[in-house]
Amino acid sequence: MVPDSLYPSFKIPDWVFLLVALLLGGGLTAYILGVDILDPTNTALLLRGDIGVHYLGWAFFRYEEWTFPIGSISDFLYPQGANVGYTDSIPLMAILMKPFHSILHSDFQYIGWYLLICQLLQVWTAWLLLGAVGIKNQWARFIGTLFFSVAPIWYFRWVHPALCSHYVLLGSLWVYMGSRDADRYRPWIWRQILLLTVSAYTHPYLGAMTLAIAVTWCIRLWRVDKYWKGWQTLLAMLGAAGI
């Protein structure tokens, strides 16, 4: 543990630290990946390897009729067809963008901006998590947040943009840690439901990991916090799995 005396003692608002961390994280992402990927009409960087399949899943899905199950793509891998979830095209983004496909550029891609948003959300949720685990010193919290923004595993995974959604895991851990001794649990429950939903519509791996954290949290609410009875915990866990 680094003693507080080694950090500057003058007071700076928390939002300033967070803003600087967001700017540094976003700037580093643009520098490493290149600003060209933020051009929503630039697909040249995406037409290769696995990330090319992710883009093509969206390119086919945008012209499909709405069907059930949501995400079906009849013309991709014709005649078998596929689903936008199987192409790792970030189903959440594909579904949100699909209603606007007629006004979007024919080469529109959301992967570049999604990666930037992932980095910004990773910085934000890291800041929240470090505060929840008890790091009160602003400089220590700021430096710790920067470590999350420069995590090599994130930059090595950019060709699988859905797997760069680490913010759902950090956010779920923040709910677990931040809700200790909470006066009201309901806001935390809604936050966990939101994170579960986002993770489920982003990538099954992340959905499974977020579910594991959520189930552990439900058990803690039952056995430690005494907020739920056993049957309520069971219903909550079944509901989480259903998401």
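Read on for an overview of the structure. (Residues numbered from 1 in each chain as written. Predicted model: local features only at pLDDT ≥ 70, side-chain atom pairs only at ≥ 80, totals over all residues. Heavy atoms only, no water.)

Considerations on the overall build of the protein
Then comes step 1: From N to C terminus, the protein includes 10 helices and two strands.
Then comes step 2: For the protein, the N- to C-terminal ordering of α and β elements is α-α-β-β-α-α-α-α-α-α-α-α.
Then comes step 3: Looking at the protein residue by residue over its 243 residues, the buried ones come to 45%.
Then comes step 4: Intrachain contacts of the protein at a sequence separation of at least 6 include 68% that bridge at least 24 residues.
Then comes step 5: Accessible area for the protein stands at about 13,400 Å²; split by element, carbon and sulfur atoms hold 68% of it. (Helix = DSSP H or I, 4+ residues; strand = E, 2+ residues; numbered from the N terminus. Buried < 20%, exposed > 50% of the residue type's maximum accessible area, 1.4 Å probe, protein only. Contact = heavy atoms within 4.5 Å. Areas by Shrake-Rupley, 256 points an atom, 1.4 Å probe, with all protein chains shown as cover.)

Considerations on the environment of Trp66
Then comes step 1: Tracing the sequence through the fold places Trp66 in the loop between helix H2 (49–61) and strand E1 (72–73).
Then comes step 2: Accessibility expressed as a relative area gives 48% for Trp66, which makes it partly exposed.
Then comes step 3: In this structure the C-alpha to C-alpha distance between Trp66 and Pro99, which are 33 residues apart in sequence, comes to 9.7 Å.
Then comes step 4: In contact with Trp66, not counting residues within four places along its chain, are Phe61, Ile95, Lys98 and Pro99.

Side note on the packing of helix H1 (residues 14–33) against helix H5 (residues 138–149)
Then comes step 1: Packing of H1 against H5 leaves a shortest axis separation of 10 Å and a crossing angle of 20°. It follows from the interaxial angle that H1 and H5 lie roughly parallel. As for how H1 packs across H5, the hand of that crossing is right-handed. Between H1 and H5, the contacting residues are Asp14, Phe17, Val20, Ala21, Leu24, Gly25 and Leu28 on the first element and Gln138, Trp139, Arg141, Phe142, Thr145, Leu146 and Ser149 on the second.
Then comes step 2: Residues of the contact of H1 with H5, tallied by class, amount to eight nonpolar, four polar and two charged. (Axes fitted to C-alpha atoms, helices over the stretch in contact; angles between N-to-C directions. Parallel < 35°, antiparallel > 145°, perpendicular 65-115°, else oblique. Left-handed = near helix turned anticlockwise from the far one by under 90°. Nonpolar A, V, L, I, M, F, W, Y, C, P; charged D, E, K, R; others polar.)

With respect to helix H4 (residues 111–132)
Then comes step 1: Over its 22 residues, H4 extends 31 Å from the first C-alpha to the last, a length consistent with the 32 Å expected when each residue adds 1.5 Å.
Then comes step 2: Just downstream of H4, Gly134 is the residue with a positive phi angle, here 105°. (Expected span 1.5 Å × (residues − 1).)

Points about the packing of aromatic side chains
Then comes step 1: With the rule as written, the count across this model stands at eight aromatic pairs.
Then comes step 2: With 4.9 Å between their ring centres and 75° between their planes, Trp154 and Tyr155 make a pair best called edge-to-face.
Then comes step 3: Note on Trp154: relative accessible area 0%, which makes it buried.
Then comes step 4: An aromatic cluster is present here, built from Phe17, Trp139 and Phe142 joined pairwise through their rings.
Then comes step 5: Across the ring face of Trp66, the terminal group of Lys98 is positioned such that the distance to the ring centre comes to 5.3 Å. (Phe/Tyr/Trp six-rings, centres within 6.5 Å; stacked < 30°, edge-to-face > 60°. Lys NZ or Arg CZ within 6 Å of the ring centre and 35° of its normal.)

Digging into the packing of helix H7 (residues 167–178) against helix H9 (residues 204–223)
Then comes step 1: Between H7 and H9, the shortest axis-to-axis distance is 10 Å and the interhelical angle comes to 0°. Relative to H9, the element H7 is oriented roughly parallel. Contacts between H7 and H9 involve Val168, Leu169, Ser172, Leu173, Val175 and Tyr176 on the former and, on the latter, Leu206, Met209, Thr210, Ile213, Ala214, Thr216, Trp217 and Arg220.
Then comes step 2: Here the contact of H7 with H9 is composed, by residue class, of 10 nonpolar, three polar and one charged.

Digging into the side chain of Ser172
Then comes step 1: Mapped onto the secondary structure, Ser172 falls in helix H7.
Then comes step 2: Overall, the relative accessible area of 0% leaves Ser172 in the buried class.
Then comes step 3: Among residues more than four places away in sequence, those in contact with Ser172 are Gln192, Leu195, Thr210, Ile213 and Ala214.

Structural notes on unusual backbone geometry
Then comes step 1: Even without glycine at this site, Asp88 takes up a positive phi of about 55°.
Then comes step 2: Note that Asp88 resides in the loop between strand E2 (82–83) and helix H3 (91–97).
Then comes step 3: Here the phi dihedral of Ile90 falls at roughly 55°; this positive angle occurs in a residue that is not glycine.
Then comes step 4: Inspection of the secondary structure assignment puts Ile90 in the loop between E2 and H3.

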